[in-house]
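This is what each chain is made of:
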Amino acid sequence: MSSIKDLELVACQVRRDIIRQVHYASSGHPGGSLGCADLFTALYFKVMEHDTSFQMDGKGEDMFFLSNGHISPVFYSVLARSGYFPVEELATFRKLDSRLQGHPATHEGLPGVRIASGSLGQGLSVACGVAQAKKLNKDEKSIFCLMGDGELQEGQIWEAVMYAAHNKLDNLIGIVDWNGRQIDGDNDDVLSLGDLKGKWKTFGWTVTEVDGNNMEALVTALLDAKSNTGNGVPQVILMRTEMGHPIDFMVGSHKWHGVAPNVEQTENALAQLEETMGDYPYPA
Amino acid sequence: MLSDYIAKDKKSTRDGFGAGLLEVGQKNDKVVGLCADLIGSLKMNAFMDAFPERFFQMGIAEANMMGVAAGLATSGQIPYTGTFANFSTGRVFDQIRQSIAYSHKNVKICASHAGVTLGEDGATHQIMEDVGMMKMLPGMAVINPCDYNQTKAATIAIAEYDGPVYLRFGRPGWPVFMPEGEFSIGKAVHMNEGKDVSIIATGHLMWYAVEAANVLESEGISVDLINIHTIKPLDATAILASAARTGCVVTAEEHQILGGLGGSVAQLLAANNPCPIEFVGMDDSFGESGKPDQLLAKYNMDTATILAKARAVMAKK
Ligand SMILES: Cc1ncc(C[n+]2csc(CCOP(=O)(O)OP(=O)(O)O)c2C)c(N)n1
Ligand SMILES: [Mg+2]
């Protein structure tokens, strides 16, 4: 499972899973999830060395932290599809008594999740702690942390950004889902991020930009970042994505940040996505 | 009288906030609105469209929002901040404590999606500790209205109150049963006079308390029903009078039992008129994803639980 074509096929199924989870739950966040499907697929099916038998401490593994927890559908799909828990469980998303909480949680013991997220702005700090621990434990693996671009408006993110540079957390790779959108509209209309590249740079990070909806470019950027660890500097990948990618009626619109597609919209969306790994069943 | 309280239709309390904010904005040009990337969820669109120059989009930066609100209040504006209850309290507790409560700024902290009734988003968003945090702050008024009408009226009334206010409301459509336009901060609404058991409720659970009272009354049990929209300052007179009439009390709220309305009522009664009391609320647990009614039932914050506790407390007299 390593060619770009293979990864694209996985990402296609992941997108079906996202649509089907959110539709069946009548709630959830399809926009950011769809935009990040390529990233999650690249990380879990190619870039990260990880063990689906799941140990909380992730010793000797590359580790991933989702800070923008609302895009849980893409996280759950990739965890299930890569073997952390049964794919059928995706049908329980956001239902009562499920391990698949609206936002990722450790509370119900879902394998693959190491921290609760959902209240924005907290993930990078946690990733810093994990990076620090890996150094203490002479564990040379990498830590990835995904954040939303709107999420970067939270001050705590910048506390962590400063901390990581000061403490030379060069095993830490931040990723920003730079889709330009958030709930109330475009980042630029809500609260402009200004010169985002320059901001990370002046805070002491190495910055790269990539097209996050181009599997080949994405894999290259992630592998490059992994091979650049150990240089005394944390790295961030500013990942240009489209919210809702590639569903024609969703793409690029902040309106699909957190709305579930109805029956018709779901059929329409699924018709645009090939079923490459088999859909999980809805309970009878 | 209990029979005056009939559910007409369902509307959310956050819709009541949105309507109230527009109206108070029309009445008082000192009122300004602030929102942290949740305009639609907080129903602040109408205010924003009517008064664009008095509305500030803060982005996803709640700590900054609280500080800016304190600054606006310092210069004589009446800021209404809007975000989810979790991000209105826990997220920004120290900013509220120092810049708003301790500094006694006239900021109205308006908090939607409180409690488990926000539903599917799950425990990360379902704050059940906010009333506790806010009521502990010296000088902070804490208001948890029960339906659309009461929330709308409260939103308008707090502009006239000089000091920080925490106004808590919720997401789901909910029965509308209170009269329009009536709200007096700190003054409980005595919804029914009775002699067998007092039920003292706040927020969404007020409706369930009405339902439970109807069942009990139909069985010949006389219920003293108190609507405590203001948890702080607490209407001690109304509560003590009720307990004196009935000799036993049930409190009901969509909040942790530890630190909520029940604790305030119990302290008041313990000091003045000890009597049997039972608490309906979250029993030291986090919530989870699900539908509002499923969650209220699973976590024992429903009509059946109020009924059971009312029977239990009467047996203790
Ligand atoms: C602390 C906090 N404030 C507000 C929210 C509500 N909220 C959830 S997602 C979101 C927008 C996030 O924007 P972005 O990070 O760009 O994610 P995208 O919409 O692109 O998926 C907001 C405001 C939250 N979850 N946490
Ligand atoms: Mg975004």
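The structure displayed is predicted, hence computed values, not measured ones.

Topic: the coordination of the magnesium ion (ligand 2)
In an ideal octahedron of six donors the angles at the metal are 90 or 180 degrees, and in an ideal tetrahedron of four donors they are 109.5 degrees.
Now for step 1: Distances from the magnesium ion (ligand 2) to its protein donors, namely A:Asp149 (OD), A:Asn179 (OD1) and A:Arg181 (O), fall within the range 2.0 to 2.2 Å.
Now for step 2: In this structure A:Asp149 comes out as buried when scored by relative accessible area, which is 2%.

A closer look at the confidence of the model for chain B
The predicted coordinates of low-pLDDT regions are not to be read in fine detail.
Now for step 1: Of all residues in chain B, 100% have pLDDT values of 70 or greater, and the mean over the chain is 98.
Now for step 2: Interface confidence in the predicted complex, given as ipTM, is 0.95; pTM for the same model is 0.97.

Let's talk about unusual backbone geometry
Glycine aside, a negative phi is what most residues show, and trans is what most peptide bonds show.
Now for step 1: The omega angle of the peptide bond from A:His245 to A:Pro246 is 0 degrees, so this bond is cis rather than trans.
Now for step 2: Among the secondary structure elements, A:Pro246 is positioned in the loop between strand 7 (235-240) and helix 10 (263-271).
Now for step 3: B:Pro233 follows B:Lys232 through a cis peptide bond whose omega is -5 degrees.
Now for step 4: Mapped onto the fold, B:Pro233 is located in the loop between strand 12 (230-232) and helix 10 (236-246).
Now for step 5: For B:Asn300, which is not glycine, the phi torsion reads 60 degrees and is therefore positive.
Now for step 6: Summarising the element assignment, B:Asn300 is placed in the loop between helix 12 (292-298) and helix 13 (303-315).

Structural notes on helix 8 (residues 148-157) of chain B
Now for step 1: Summarising burial for helix 8 of chain B: 9 of the 10 residues are buried, a large majority.
Now for step 2: By the N-cap criterion, in which a side-chain oxygen at the helix start approaches the backbone nitrogen of a residue two or three places on, helix 8 of chain B is capped by B:Asp147, the distance to B:Asn149 being 3.2 Å.

Topic: the environment of B:Gly33
Now for step 1: Within the element layout of this structure, B:Gly33 appears in strand 2 (residues 31-35).
Now for step 2: Not counting residues within four places of it along the chain, the set of residues in contact with B:Gly33 comprises B:Met44, B:Phe47, B:Arg54, B:Phe55, B:Phe56 and B:Tyr80.

A few points about the nonpolar core
Now for step 1: Core analysis: the biggest nonpolar cluster contains 59 residues, and A:Phe40, A:Leu43, A:Tyr44, A:Phe64, A:Leu146, A:Ile175 and A:Leu222 have the highest contact counts within it.
Now for step 2: Ranked by the residues each element gives to this core, the list is headed by helix 1 (residues 4-25) of chain A, at 9 residues.
Now for step 3: For A:Tyr44, the residues in contact, after removing those within four places along its chain, are A:His50, A:Phe64, A:Phe75, A:Val78, A:Leu79, A:Ser82 and A:Tyr84.
Now for step 4: With 42 residues, the next largest nonpolar core counts B:Ala73, B:Val131, B:Met134 and B:Ile277 among its residues.

Structural notes on the site of ligand 1
Now for step 1: Residues in close proximity to ligand 1 total 22 residues, the closest being A:Gly118, A:Asp149, A:Asn179, A:His257 and B:Glu62.
Now for step 2: Chain contributions to the surroundings of ligand 1 come from chains A and B.
Now for step 3: A:His70 is positioned with one of its side-chain polar atoms (N or O) 2.8 Å from an oxygen atom of ligand 1.
Now for step 4: Here A:Asn179 contributes a side-chain N or O atom positioned 2.7 Å from an oxygen atom of ligand 1.
Now for step 5: Within the complex, the protein chains bury 99% of what would otherwise be the 590 Å² of accessible surface of ligand 1.
Now for step 6: Its residues placed into classes, the shell around ligand 1 shows 5 nonpolar, 10 polar and 7 charged.

A few points about the interface of chain B and chain A
Now for step 1: Contacts between the two partners involve 26 residues from chain B, matched on the other side by 29 residues from chain A.
Now for step 2: On the chain B side of the interface with chain A, the three residues burying the most area are B:Asp37, B:Ile60 and B:Arg91, jointly 29% of the side's total.
Now for step 3: Linking chain B to chain A there are 3 salt bridges.
Now for step 4: The closest approach of N and O atoms between B:Lys298 and A:Asp97, which form a salt bridge, is 2.4 Å.
Now for step 5: Remark: the boundary between chain B and chain A carries 17 residue pairs in polar contact (both at pLDDT 80 or more).
Now for step 6: For the side of chain B that touches chain A, the secondary structure elements donating two or more residues are helix 2 (39-42), helix 5 (85-88) and helix 12 of chain B.
Now for step 7: A breakdown of the residues in the side of chain B that touches chain A according to their chemical character gives 9 nonpolar, 10 polar and 7 charged.

Conventions we followed
Residues numbered from 1 in each chain as written. Chains lettered and ligands numbered in written order. Predicted model: local features only at pLDDT ≥ 70, side-chain atom pairs only at ≥ 80, totals over all residues. Heavy atoms only, no water. Donors = N, O, S within 2.8 Å, 3.2 Å for Na, K, Ca; no water. Buried < 20%, exposed > 50% of the residue type's maximum accessible area, 1.4 Å probe, protein only. pLDDT = per-residue confidence, 0-100. Helix = DSSP H or I, 4+ residues; strand = E, 2+ residues; numbered from the N terminus. Polar contact = N/O pair within 3.5 Å; in protein donor to acceptor, adjacent residues only side chain to side chain. Contact = heavy atoms within 4.5 Å. Core = buried A, V, L, I, M, F, W, Y, C linked by side-chain atoms within 4.5 Å. Near = heavy atom within 4 Å. Areas by Shrake-Rupley, 256 points an atom, 1.4 Å probe, with all protein chains shown as cover. Nonpolar A, V, L, I, M, F, W, Y, C, P; charged D, E, K, R; others polar. Buried area = accessible area lost by both parts, 1.4 Å probe. Salt bridge = Lys/Arg side-chain N within 4 Å of Asp/Glu carboxyl O.

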